[in-house]
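# Fold and contact review
Chain by chain, the residues:
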Amino acid sequence: QVQLVESGGGLVQVGGSLRLSCAASGSIFSLNAMGWYRQAPGKQRELVATFTSGGSTNYADSVKGRFTISRDNAKNTVYLQMNSLKPEDTAVYYCNYIGYYSRSVYVEYWGQGTQVTVSS
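The sections below set out a description of the structure shown in this document. (Residues numbered from 1 in each chain as written. Predicted model: local features only at pLDDT ≥ 70, side-chain atom pairs only at ≥ 80, totals over all residues. Heavy atoms only, no water.)

### Focus: the pattern of salt bridges
Note on pairing: side chains with opposite charge can pair once their charged atoms come close. One pass over the full model with this rule turns up four salt bridges. A salt bridge links Arg66 to Asp89; the nearest nitrogen and oxygen atoms lie 2.8 Å apart. Of this pair, Arg66 sits in the loop between strand S6 (57-59) and strand S7 (67-72) while Asp89 is found in the loop between strand S8 (77-82) and strand S9 (91-100), placing the two residues 23 residues apart along the sequence. Each of Arg38, Glu46, Arg66 and Asp89 takes part in salt bridges that share partners, so that together they form one network. (Salt bridge = Lys/Arg side-chain N within 4 Å of Asp/Glu carboxyl O. Helix = DSSP H or I, 4+ residues; strand = E, 2+ residues; numbered from the N terminus.)

### Here we look at the nonpolar core
By size, the foremost hydrophobic cluster in this structure holds 29 residues, and its most contacted members are Leu4, Trp36, Leu80, Met82 and Tyr93. Once residues within four sequence positions are removed from consideration, Leu80 is found in contact with Leu18, Arg19, Leu20, Trp36, Val48, Ala49, Phe67, Thr68, Ile69 and Tyr93. (Core = buried A, V, L, I, M, F, W, Y, C linked by side-chain atoms within 4.5 Å. Buried < 20%, exposed > 50% of the residue type's maximum accessible area, 1.4 Å probe, protein only. Contact = heavy atoms within 4.5 Å.)

### Thoughts on unusual backbone geometry
At Asn76, a residue that is not glycine, the phi angle is positive and equals roughly 50°. Of note, Asn76 is situated in the loop between S7 and S8. The exposure class of Asn76 is partly exposed, given its relative accessible area of 23%. A positive phi angle is found at Ser84, which is not glycine, with a value near 50°.

### A short note on the environment of Thr77
Structurally, Thr77 is set in strand S8. Between the alpha carbons of Thr77 and Gln39 there is a distance of 21 Å; along the sequence they are 38 residues apart. Not counting chain neighbours up to four residues away, the residues in contact with Thr77 comprise Cys22, Ala23, Ser70, Arg71 and Asp72. A distance of 2.9 Å separates the side chain of Thr77 from the backbone oxygen of Lys75, its partner in a polar contact. (Polar contact = N/O pair within 3.5 Å; in protein donor to acceptor, adjacent residues only side chain to side chain.)

### Re the state of the cysteines
All told, the structure shown has one disulfide when counted by the stated rule. Each sulfur in the disulfide pair Cys22 and Cys95 lies 2.0 Å from the other. An S-S torsion of about -85° defines the bridge between Cys22 and Cys95 as left-handed. Here Cys22 is found in strand S3 (residues 18-26), whereas its partner Cys95 is found in strand S9, with 73 residues between them in sequence. Judged by its relative accessible area of 0%, Cys22 is buried. (Disulfide = S-S within 2.5 Å.)

Okay, structure coming up:
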């Protein structure tokens, strides 16, 4: 299995920045995708940003232009640079990992979550 270790969450003021990291270890898949999701109290989990197995990036409309996802394949690590943070960004952020056996057969893993709080 794959273990995911997240770091970088914390408390920041409106307009500030944070950088989240998620390192994958264990039975790493040669073909995989990683990304970030978030969940605020009383709300559904939502996609924030993903880095697909094909090397493409996807962003939620609410974070486009403010957040940047990147990967370091040598370290099996995905990052989320968050700038111009807003109170509505406050949530628990979860690292997501998809390991592919084939195009249609895969497994999914989740990190434990890291709290991001943006104060107004």
